[in-house]
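Coordinate inspection notes
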Amino acid sequence: MADLKAVVAVQNIRYDRQAEALYILDQSLLPNEEKEIRLETLEQMVEAIRALRVRGAPAIGICAAYCMYVLARSIRTETAEGFLAELEQYGEALNAARPTAVNLSWAVGEMLAAARAHGSESRQTLLEALYRRAVEIHRDDMDKCAAISAYGLTLVKDGDGILTHCNAGPLATSRYGTALGPILLGTEKGMTFHVFSDETRPLLQGARLTSYELQRAGVDVTLICDNMASIVMKNGWVQACFVGCDRVAANGDTANKIGTSGVAILAKHYGIPFYVLGPTSTIDMACPDGAHIPIEQRDPGEIKTMWYEKPMALPEVKCYNPAFDVTDHDLITAIVTEKGICRPPYTQSLAVLFDNKQ
């Protein structure tokens, strides 16, 4: 189980308190190279988030919390008002890096709230409070991932086939992960699963990251192209679909990596339960439905040139490259959070869950 525990405890985000330095595992280089990079400036932080060097909604939130602490340490303004104003500007810049994942804005908001609460205290006390809040956000996600994994494990049985899309394991979160959490936890308990990992075009998170994590953990994983999901479902090889989420609207509509909604439609056709797994910090009760979730548009080069020795389309060919799509709530069998499993109608179950978050 050594490899499994190494994956479960992967340090995708690491703060070295002695050196006062923030490091992330550069996920854009995986699976061929494992390399940490240091984030020191706002420009480096924004680039790391936009370039998917750090990715996955919970991981982005954790990283953003530590980024806010690092940036706070760089502020030299003497007045409390000036300090907060500068920190708010940093927060706005981080928020703009990726608009779909609500965890980013949530974590920035938590750090700003901590700054306001301690704004009248000494600089050292204020910075210490910000560091503590960042660590709390990190540890809280670890606890949430463990709880999500345990709830999700109740939805499958030993020997089941599970289809995944994108990556929602330890690299995208912390500890066990969300959508991969039940698989890793079950494996740790001696259960066996057969996982079909969608490659997840155009950035191949399923190929580069999910299959990497599961293979290292000793899980039986088979990599498939996105357009092969239908045939493995039709063959009876899939008993459940597990996906993560970047934002859940109040009615249960869920934004996740592009292609997720297609998997949900196929699952409904073949009578396969489709589960969304994520922490309550991903639930945006201020967002009424999926139509109000902003969808990030990315560089066409990710489709035409990024993975190829030569371009796969003419330079003048137009590309539509949304990073996410929205899965309608009526396609979702259940939403699994650290507080329990929510089922339709989500306008009711999510509201109750959110009211009881504390």
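Residues numbered from 1 in each chain as written. Predicted model: local features only at pLDDT ≥ 70, side-chain atom pairs only at ≥ 80, totals over all residues. Heavy atoms only, no water.

Moving on to the sheet that holds strand E4 (residues 161-164). Across the sheet, seven strands lie side by side as E6-E5-E4-E7-E10-E13-E14; this open sheet has mixed pairing. Each edge of the open sheet carries a strand with a single partner, namely strand E6 (220-224) and strand E14 (340-342). Here the average twist between neighbouring strands, direction ignored, is 25°. When strand E5 (residues 194-198) meets E6, the two strands line up parallel, connected through five bridges. Residue pairing across strands places Asp 198 opposite Ile 224, the latter belonging to E6. Each of strand E7 (240-243), strand E10 (274-277), strand E13 (334-337) and E14 is contacted by helix H6 (residues 123-153), which is oriented at about 140° to E13, the strand it contacts most. On top of the sheet, helix H8 (residues 205-216) reaches E4, E5 and E6; it is set at about 160° to E5, its chief contact. (Pairing = 2+ DSSP bridges. Helix = DSSP H or I, 4+ residues; strand = E, 2+ residues; numbered from the N terminus. Axes fitted to C-alpha atoms, helices over the stretch in contact; angles between N-to-C directions. Contact = heavy atoms within 4.5 Å.)

Turning to helix H12 (residues 346-355), its buried residues are Tyr 346, Ser 349, Leu 350 and Leu 353. All buried residues of H12 fall inside an arc of 90° around its axis, so they share one side. Exposed and facing more than 90 degrees away from the buried side of H12 are Gln 348 and Asp 355. The inward-facing, buried residues of H12 contact strand E8 (247-249), strand E11 (283-284), E13 and E14. (Buried < 20%, exposed > 50% of the residue type's maximum accessible area, 1.4 Å probe, protein only. Arc of directions from axis to C-beta.)

The next subject is the state of the cysteines. Applying the stated criterion across every chain yields a total of zero disulfides. Unpaired in terms of disulfides, Cys 166 finds its nearest cysteine sulfur in Cys 245, a separation of 11 Å. The class of Cys 166 is buried, set by a relative accessible area of 6%. Lacking any disulfide linkage, Cys 319 is separated from the closest cysteine sulfur, that of Cys 225, by 19 Å. (Disulfide = S-S within 2.5 Å.)

Here we have three strands laid out as an open sheet, ordered E1-E2-E3, and antiparallel in their pairing. Of all strands in the sheet, those bounded by a partner on one side alone are strand E1 (13-16) and strand E3 (36-39). Pairwise comparison of adjacent strand axes, ignoring direction, gives a mean angle of 30° for this sheet. Pairing of strand E2 (residues 21-25) with E3, which is carried by four bridges, proceeds in the antiparallel orientation.

Attention now moves to the environment of Ile 62. Note on placement: Ile 62 falls in helix H3 (residues 57-74). Among the residues examined, Ile 62 registers a relative accessible area of 1% and is labelled buried. Considering only alpha carbons, one finds Ile 62 and Glu 188, 126 residues apart in sequence, at a separation of 25 Å.

This part takes up the packing of aromatic side chains. Inspection of every chain in the model, using the stated rule, returns six aromatic pairs. Their ring planes at 70° and their centres at 5.5 Å tell us that Tyr 15 and Tyr 69 sit as a pair that is edge-to-face. On the criterion of sequence distance, the pair formed by Tyr 15 in strand E1 and Tyr 69 in helix H3 is long-range, its members being 54 residues apart. Of the two residues, Tyr 15 and Tyr 69, neither departs from the other in class, the shared state being buried. Judged by centre distance (6.0 Å) and plane angle (10°), the rings of Phe 196 and Trp 237 are stacked. In this pair, Phe 196 sits in strand E5 while Trp 237 sits in the loop between helix H9 (229-234) and E7, placing the two residues 41 residues apart along the sequence. Look at Trp 237 and you get partly exposed, because its relative accessible area is 44%. Cluster of aromatic residues (ring-pair linked, three or more members): Tyr 15, Tyr 66, Tyr 69 and Tyr 131. Sitting above the plane of the Tyr 131 ring, Arg 17 keeps its charged end 3.8 Å from the centroid. One residue, Lys 257, lies across the ring of Phe 324, its end atom 4.3 Å from the ring centre. (Phe/Tyr/Trp six-rings, centres within 6.5 Å; stacked < 30°, edge-to-face > 60°. Lys NZ or Arg CZ within 6 Å of the ring centre and 35° of its normal.)

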